[in-house]
Amino acid sequence: AQSVSQHNHHVILSEAASLELGCNYSYGGTVNLFWYVQYPGQHLQLLLKYFSGDPLVKGIKGFEAEFIKSKFSFNLRKPSVQWSDTAEYFCAVTEYNQGGKLIFGQGTELSVKP
Amino acid sequence: DAGVIQSPRHEVTEMGQEVTLRCKPISGHDYLFWYRQTMMRGLELLIYFNNNVPIDDSGMPEDRFSAKMPNASFSTLKIQPSEPRDSAVYFCASSFQGDSYGYTFGSGTRLTVV
């Protein structure tokens, strides 16, 4: 069965530090990849997505992610985090052209200290 | 657009009672998903619909859970009878043509069964 693994459960950074959150998936076929963010007490919002093309994807709020097919990875990055980036981040995967079943990783809680 | 609308936002009920959660997807979206979020299990896909038809309900935990989508603008998730272990945040999400355009999540219903 398809699964998504996020390496870190909780990351604590100071403002202006660089961020990289790891994500690996198990499915060997063609996949669509997503990162979602959930601010405290709020619903999930889409940060960025990858379907095809340039493996380096840019999203909102200065986030980007790189798809490395050989490593089954889709890591999220941001060069300089802000206190307002404190949230939980979810990596998610769907099988290409299968419509549904967005499978989420366990999430990584990011705490940014001012 | 008002987004995906869920009601109620919070629900506290006694064990054994019936609970009904409601979701109104974005107009024009043809996929609807129900997810459950807990600390222990993260985000779990319970069931999803395409054009009002249930496609995959393999995530529904047991027979106490049921979901319906009588028309394109309304879905319910019912738990009968409810148990304390059902306490969680339940999210509804909708999308157009599967994952092509990303999923839009509602604000969730926080269910507490005492």
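What this report covers is the structure whose coordinates are included nearby.

Parameters at a glance
Per chain, residues are indexed from 1 in the order of the written sequence. Chains carry letters from A onward and ligands carry numbers from 1 onward, assigned in written order. In keeping with the model being predicted, local features are shown solely for residues with a pLDDT of at least 70 and side-chain atom pairs are shown and tallied solely at 80 or more, while totals for entire chains, interfaces and linings include all residues. By convention in this description, side-chain values take in all heavy atoms of the structure and omit both hydrogens and water. Strands are runs of DSSP state E lasting at least two residues, helices are runs of H or I lasting at least four, and both sets are numbered from the N terminus onward. Both definitions apply: the radius of gyration is a C-alpha atom measure, and the globule rule equals 2.2 Å times residues to the power 0.38. Each residue is placed in one exposure class: buried if its accessible area under a 1.4 Å probe, protein chains only, is under 20% of its type's maximum, exposed if it is over 50%, and partly exposed if it falls in between. A side-chain nitrogen of Lys or Arg and a carboxyl oxygen of Asp or Glu constitute a salt bridge if their distance falls within 4 Å. Cysteine sulfur atoms are paired as a disulfide whenever they fall within 2.5 Å. A strand pair is defined by DSSP finding two or more bridges across the two strands. Only the six-membered ring of Trp is used, alongside the rings of Phe and Tyr, when aromatic pairs are assigned; centres must lie within 6.5 Å, and planes under 30 degrees apart are stacked while those over 60 apart are edge-to-face, with the rest tilted. Grouping buried Ala, Val, Leu, Ile, Met, Phe, Trp, Tyr and Cys residues that are joined through side-chain atoms within 4.5 Å yields what is termed a nonpolar core. Note on definitions: a residue-residue contact is assigned when non-hydrogen atoms from the two residues lie within 4.5 Å.

**Looking at the overall build of chain A**
When you go through chain A residue by residue, the secondary structure sums to zero helices and twelve strands. Listing each helix as α and each strand as β along chain A from the N terminus yields β-β-β-β-β-β-β-β-β-β-β-β. For 114 residues, the compact-globule formula gives about 13 Å, and the C-alpha radius of gyration of chain A, at 13 Å, lands near that figure. In terms of overall dimensions, chain A has C-alpha extents of about 40 × 30 × 20 Å along its principal axes. Per-residue burial over chain A gives 46% buried out of 114 residues.

**Describing the pattern of salt bridges**
Pairing between side chains becomes possible if they bear opposite charge and their charged atoms approach one another. Scanning the model with the defined rule gives twelve salt bridges over all chains in all. Here Lys78 of chain A and Asp85 of chain A are joined by a salt bridge, their closest N and O atoms 2.9 Å apart. Exposure remark for Lys78 of chain A: the relative accessible area of 7% places this residue in the buried category. Of the charged contacts, one joins Arg64 of chain B and Glu83 of chain B as a salt bridge, the two residues approaching to 3.5 Å between their closest N and O atoms. Highlighted residues: Arg64 of chain B in the loop between β6 (53-56) and β7 (65-71) and Glu83 of chain B in the loop between β8 (74-79) and β9 (88-95), separated in sequence by 19 residues. Judged by relative accessible area, Arg64 of chain B falls into the buried class, the value being 10%. Among the charged side chains, a salt-bridge network with shared partners connects Glu62, Arg64, Glu83, Arg85 and Asp86 of chain B.

**Thoughts on the state of the cysteines**
Residue and element names in this part refer to chain A. On inspection of all chains with the given rule, the structure shows two disulfides over all chains. The side chain of Cys23 participates in a disulfide bridge whose partner is Cys91; the two sulfur atoms lie 1.9 Å from each other. Between Cys23 and Cys91 the sulfur-sulfur dihedral comes to about -65°; the bridge is accordingly left-handed. Of this pair, Cys23 sits in strand β4 (residues 23-25) while Cys91 sits in strand β10 (residues 87-95), placing them 68 residues apart in sequence.

**Structural notes on the pairing of strand β9 (residues 73-78) of chain A**
Residue and element names in this part refer to chain A. β9 sits mainly inside the fold: five of its six residues count as buried. Relative to β9, strand β8 (residues 64-68) runs antiparallel, the two being bridged by five bridges. Opposite Ile68, over in β9, you have Ser73 as the bridge partner. If you look at the hairpin formed by β8 and β9, you'll find four residues sitting between the two strands, and Phe72 has a positive phi there, around 50°.

**Here's the deal with the packing of aromatic side chains**
All chains considered together, the criterion is met by 20 aromatic pairs over all chains. Ring centres 6.5 Å apart and planes at 45° place the aromatic pair Tyr50 of chain A and Phe74 of chain A in the tilted group. You can see Tyr50 of chain A sitting in strand β6 (residues 44-50) and its partner Phe74 of chain A sitting in strand β9, a full 24 residues away along the chain. We classify Tyr50 of chain A as buried; its relative accessible area is 8%. Both rings, one in Tyr31 of chain B and one in Phe33 of chain B, keep their centres 6.2 Å apart while their planes meet at 10°; by these two values the pair is stacked. Summarising the burial analysis for this pair, Tyr31 of chain B and Phe33 of chain B share the class buried. Of the aromatic side chains, those joined through ring pairs into one cluster are Phe34, Tyr36, Phe51, Phe90 and Phe104 of chain A together with Tyr31, Phe33, Tyr35, Tyr48, Phe91, Tyr103 and Phe105 of chain B.

**Re the nonpolar core**
Taken as a class, soluble globular proteins show a tendency for nonpolar side chains to be buried jointly. In this structure, Leu33, Trp35, Leu47, Leu48, Phe74, Leu76 and Tyr89 of chain A are the most contacted members of the largest nonpolar core, which totals 28 residues. Beyond its immediate chain neighbours, meaning those up to four positions away, Tyr89 of chain A contacts Gln6, Leu21, Trp35, Tyr36, Val37, Leu47, Phe63, Leu76, Gly107, Thr108 and Leu110 of chain A.

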